[in-house]
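# Understanding the architecture of this molecule
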Amino acid sequence: YLYTVGVGVEIPTITGGQGFCQKYNIKTPFILYAGRIEPGKGCQELVDYFLRHNRQCPDLSLVLIGKLLVDLPSHPKIKYLGFLPPQEKNEAMSLALVTVHPSPFESLCMAALESMAVKTPLLVQGQTRPLKEHCLQGKSGLFYTNYEEFNQSLNLLLKDSKLRRILGENGLKYVIGRYAWPRIIAKYKKLFAYLSEGKL
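Model, not experiment: these values are computed from the prediction.

### Remarks on the overall build of the chain
- A tally of regular secondary structure across the chain gives eight helices and six strands.
- N-terminal to C-terminal, the α/β element order of the chain is α-β-α-β-β-α-β-α-β-α-β-α-α-α.
- In terms of overall size, the chain behaves like a compact globule, its C-alpha atoms giving a radius of gyration of 18 Å where 200 residues would be expected to give roughly 16 Å.
- Each principal axis of the C-alpha distribution contributes one length, and for the chain these read about 60 × 35 × 35 Å.
- Looking at the 200 residues of the chain, the share that counts as buried comes to 46%.
- Contacts in the chain between residues at least 24 apart in sequence constitute 64% of all its contacts with a sequence separation of at least 6.
- Each charge class in the chain can be summarised by its mean position, and for the 25 positive and 16 negative side chains these summaries are 6 Å apart.

See the structure below:
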């Protein structure tokens, strides 16, 4: 008998967040990466792809938050913020045009769920099945497997505000339906009731 409970995600309340951009001197538009910043998470490829894309879209910035485990290039459009308090992380995600999840080795990816919880669409590594499934099942983002796909997907998301809004709303519904704490607690109650009956 297999019963998957999953993990809970908070659905935060966002109050605009423009003070966040002023505090950290961030100019919009920007895309966001949240997590360990290392080659194993696909961060080197992300930086390389962003720099190539930046040649045709010089107004776009890349913001990174999390533990820095690799040297980042000195570039006016690449900004590393370190670790942020949960509320500021949520504000950063909500203000980003898209959050990027480049890891080729990922399971659930809490950062992707947190992004969807604030209605920000995803751009993910398509070779990573769990990330791709979030996009397909949640109708919440796009995916890529090479630079050309990254470039085209990012351009589409940047130019189409209606698409971003729809993907963001879909993502929130997906998280509420599968990962919001009331849903997870209900699953635990069902499991405990099943165990108390001695069926396992």
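### Observations concerning the packing of helix α6 (residues 147-159) against helix α7 (residues 161-178)
- At their nearest, the axes of α6 and α7 sit 5 Å apart, and the two run at 95° to each other. In this view, α6 runs roughly perpendicular relative to α7, as classed from their interaxial angle. Of the residues in α7, those touching α6 at L156, L157, L158 and K159 are S161, L163, R164 and L167.
- Tallied by class, residues from the contact of α6 with α7 come to five nonpolar, one polar and two charged.

### Examining the pattern of salt bridges
- The final tally for this structure, using the stated rule, is six salt bridges.
- For R36, the salt bridge identified is with E38, shortest N-O distance 2.6 Å.
- Since its relative accessible area comes to 42%, R36 is described here as partly exposed.
- Judged by relative accessible area, which is 19%, E38 ranks as buried.
- For R165, the salt bridge identified is with E169, shortest N-O distance 3.6 Å. Of the two residues, R165 and E169 both sit in helix α7, four residues apart, roughly one turn of that helix.
- For E169, a relative accessible area of 32% puts it in the partly exposed group.

### Remarks on the nonpolar core
- Judged by nonpolar contacts, the single largest core of 30 residues is most densely connected at F20, F30, L32, L81 and V175.
- Among the elements of the structure, α1 (18-24), β1 (30-34), β2 (61-65), α3 (86-95), α4 (110-117), β5 (122-125), α5 (129-138) and α7 are those that each provide at least two residues to this core.
- The contacts of F20, once residues within four sequence positions are left out, are I26, L81, L84, E88, E91, A92 and L95.
- Counting 21 residues, the second largest nonpolar core, distinct from the first, contains L46, Y147, L154 and L167.

Rules of the game
Residues numbered from 1 in each chain as written. Predicted model: local features only at pLDDT ≥ 70, side-chain atom pairs only at ≥ 80, totals over all residues. Heavy atoms only, no water. Helix = DSSP H or I, 4+ residues; strand = E, 2+ residues; numbered from the N terminus. Rg over C-alpha atoms; globule rule 2.2 N^0.38 Å. Buried < 20%, exposed > 50% of the residue type's maximum accessible area, 1.4 Å probe, protein only. Contact = heavy atoms within 4.5 Å. Lys, Arg positive; Asp, Glu negative; His and termini not counted. Charge placed at Lys NZ, Arg CZ, Asp CG, Glu CD. Axes fitted to C-alpha atoms, helices over the stretch in contact; angles between N-to-C directions. Parallel < 35°, antiparallel > 145°, perpendicular 65-115°, else oblique. Nonpolar A, V, L, I, M, F, W, Y, C, P; charged D, E, K, R; others polar. Salt bridge = Lys/Arg side-chain N within 4 Å of Asp/Glu carboxyl O. Core = buried A, V, L, I, M, F, W, Y, C linked by side-chain atoms within 4.5 Å.

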